[in-house]
Amino acid sequence: MASDNAQYLPSLIQRLEAATLRLENIATTRYGASAAILDTAIAVASRDPGTGSSTKPETLTDDLPKSVIAFGKIIEDDVQAFLKSSESIGGPVEQQSKAVKEAFEAGKAYLLIASRAKRPESMPPELTADLRRHTSTVEEIREANRPSPLYVHLSAVSEGIIALSWVLERRPIDFVKNILGGTQYYGNKILNEYKGKDKSHVEYINAYYKILRSLISYVREYYAFGVVWNDKDGIDVLEALNQVQPNIDDTFYDQATSVNKRTHHGDSTA
């Protein structure tokens, strides 16, 4: 079964590289910020300016569009079920599943912003900062646990989380389908190893498959040709961003400006 799924790997690798490049291009196109500046800004964006503690992005709850409500339903049902299934395994598996939930919450915020804003000529890097931060956490947990006997579990989830980059795709259905295929390369190894031995691992990976399949159905229904923006009567994207995630805007600019100044003055500690 693993050999059957190997056919997805070349396509998956190309998709991963393309998604990474698109996220990096968003950071450089408008502001000319380097990847290092963006990474630093993302880390700061999750902290409260006064306390330095992490803050959860605020979301608007009035008059949510059906598409945002439906995405929230995936989180409430499928992602929450996946999170619950990870608890019986524990360790880095449970830790990673929590990052998955945060990444989906960031994806929901992105869709809410798009529903309230006109499509910008070039995407501000703050727009994907929270999404990139949480998807990176999923991958970091995988890389930090290479010796773990649960590494295949962590790999399956890490390969699948890139599906949230569908918001940058013009053919998002095919994109998520390919990601599911790559995820199954690892996930089916879990099924082969634990089927008939430990149902908690089987339930865990099937719960993750359910998320991706629900995402395919969701995209097909609401965004078959990509994310739709509110070009008719929407507000500026940064204004919408500040409404939905008010802590990201100022912290990004403050940190990016500071790093740029140190870079121009040749400060190697930047």
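- The chain appears in an unreviewed UniProt entry as Adenylyl cyclase-associated protein from Fonsecaea nubica.
- Check the Function (unreviewed entry) section of the UniProt entry for the chain; it says "The N-terminal domain binds to adenylyl cyclase, thereby enabling adenylyl cyclase to be activated by upstream regulatory signals, such as Ras. The C-terminal domain is required for normal cellular morphology and growth control."
- Of the comments in the UniProt record for the chain, the one headed Sequence similarities (unreviewed entry) reads "Belongs to the CAP family."

### Examining the overall build of the chain
Inference 1: Scanning the chain for helices and strands turns up 11 helices and zero strands.
Inference 2: Taking all 270 residues of the chain together, 50% fall into the buried category.
Inference 3: For the chain, the exposed area adds up to about 13,300 Å²; of that, 49% sits on carbon and sulfur atoms.

### What to know about the packing of helix α5 (residues 91–116) against helix α6 (residues 129–143)
Inference 1: The contact between α5 and α6 brings their axes to 8 Å, and the two run at 165°. On the basis of their axis angle, the class for α5 and α6 is roughly antiparallel. Judged by the twist between their axes, the crossing of α5 over α6 is left-handed. Between α5 and α6, the contacting residues are Pro92, Gln95, Gln96, Ala99, Val100, Glu102, Ala103, Ala106 and Gly107 on the first element and Asp130, Leu131, His134, Thr135, Thr137, Val138, Ile141 and Arg142 on the second.
Inference 2: The residue makeup of the contact of α5 with α6, split by class, is eight nonpolar, six polar and three charged.

### Topic: the nonpolar core
Inference 1: Phe71, Phe104, Leu111, Trp166, Tyr208, Tyr218 and Trp229 are the most contacted members of the largest nonpolar core, which totals 67 residues.
Inference 2: Of all the elements in the fold, those that place two or more residues in this core are α4 (66–87), α5, α6, α7 (151–161), α8 (172–194), α9 (199–222) and α10 (237–244).
Inference 3: What Phe104 contacts, discounting residues up to four positions off in sequence, is Phe71, Ile75, Val79, Ile161, Leu164 and Ile211.

### Observations concerning the pattern of salt bridges
Inference 1: One pass over the structure, following the stated rule, counts nine salt bridges.
Inference 2: Each member of the salt-bridge network shares a partner with another, and the members are Glu139, Arg142 and Glu159.

### What about the packing of aromatic side chains?
Inference 1: Under the defined criterion, the tally for this structure stands at 10 aromatic pairs.
Inference 2: When the centroid spacing of 5.5 Å and the interplanar angle of 40° are considered together, the rings of Trp166 and Tyr223 count as tilted. Placement of the pair is Trp166 in the loop between α7 and α8 and Tyr223 in the loop between α9 and α10, with a sequence separation of 57 residues.
Inference 3: Residue class for Trp166 comes out buried when judged on its relative accessible area of 1%.
Inference 4: For Arg142, the ring lying beneath its charged end belongs to Tyr186, and the centroid distance is 5.8 Å.

### Section: the confidence of the model for the chain
Inference 1: Considering every residue of the chain, the mean pLDDT works out to 79; 68% of them sit at 70 or more.
Inference 2: The low-confidence segment residues 24–60, where pLDDT is below 50, has 66 contacts with residues more than four positions distant or belonging to other chains.

### Overview of the environment of Gly107
Inference 1: Mapped onto the elements, Gly107 comes out in helix α5.
Inference 2: Here Gly107 falls in the buried class, since its relative accessible area comes to 4%.
Inference 3: Considered as a pair, Gly107 and Thr128 are 21 residues apart in the sequence and their alpha carbons are 8.7 Å apart.
Inference 4: Those residues in contact with Gly107, other than ones at most four positions away along the chain, are Phe71 and Leu131.

### Considering α8
Inference 1: Look at α8: 32 Å from first C-alpha to last across 23 residues, which is about the 33 Å you get at 1.5 Å a residue.
Inference 2: Tyr185 marks the point of greatest bend in α8, at about 40°.
Inference 3: Immediately beyond the C-terminal end of α8, within one or two residues, lies Gly196, with a positive phi of roughly 80°.

### Notes on the side chain of Ser97
Inference 1: By secondary structure assignment, the location of Ser97 is in helix α5.
Inference 2: Ignoring anything within four residues of it in the chain, the contact list for Ser97 reads Phe82, Leu83 and Ser86.

### Here we look at α7
Inference 1: Counting buried positions over the 11 residues of α7 gives 10, a clear majority of the element.
Inference 2: Inspection of α7 places Tyr151, His153, Leu154, Ser155, Ala156, Val157, Ser158, Glu159, Gly160 and Ile161 among the buried residues, and these make up the whole buried set.

### Details of the side chain of His134
Inference 1: Here His134 shows up in helix α6.
Inference 2: A relative accessible area of 9% means that His134 is categorised as buried.
Inference 3: Leaving out residues up to four positions away in the same chain, His134 has contacts with Ala99, Glu102, Ala103 and Ala106.

Rules used throughout
- Residues numbered from 1 in each chain as written.
- Predicted model: local features only at pLDDT ≥ 70, side-chain atom pairs only at ≥ 80, totals over all residues.
- Heavy atoms only, no water.
- UniProt positions renumbered as here; feature names shortened; annotations may be inferred.
- Helix = DSSP H or I, 4+ residues; strand = E, 2+ residues; numbered from the N terminus.
- Buried < 20%, exposed > 50% of the residue type's maximum accessible area, 1.4 Å probe, protein only.
- Areas by Shrake-Rupley, 256 points an atom, 1.4 Å probe, with all protein chains shown as cover.
- Axes fitted to C-alpha atoms, helices over the stretch in contact; angles between N-to-C directions.
- Parallel < 35°, antiparallel > 145°, perpendicular 65-115°, else oblique.
- Left-handed = near helix turned anticlockwise from the far one by under 90°.
- Contact = heavy atoms within 4.5 Å.
- Nonpolar A, V, L, I, M, F, W, Y, C, P; charged D, E, K, R; others polar.
- Core = buried A, V, L, I, M, F, W, Y, C linked by side-chain atoms within 4.5 Å.
- Salt bridge = Lys/Arg side-chain N within 4 Å of Asp/Glu carboxyl O.
- Phe/Tyr/Trp six-rings, centres within 6.5 Å; stacked < 30°, edge-to-face > 60°.
- Lys NZ or Arg CZ within 6 Å of the ring centre and 35° of its normal.
- pLDDT = per-residue confidence, 0-100.
- Expected span 1.5 Å × (residues − 1).
- Bend = angle between axes of the 7 residues up to and from the residue.

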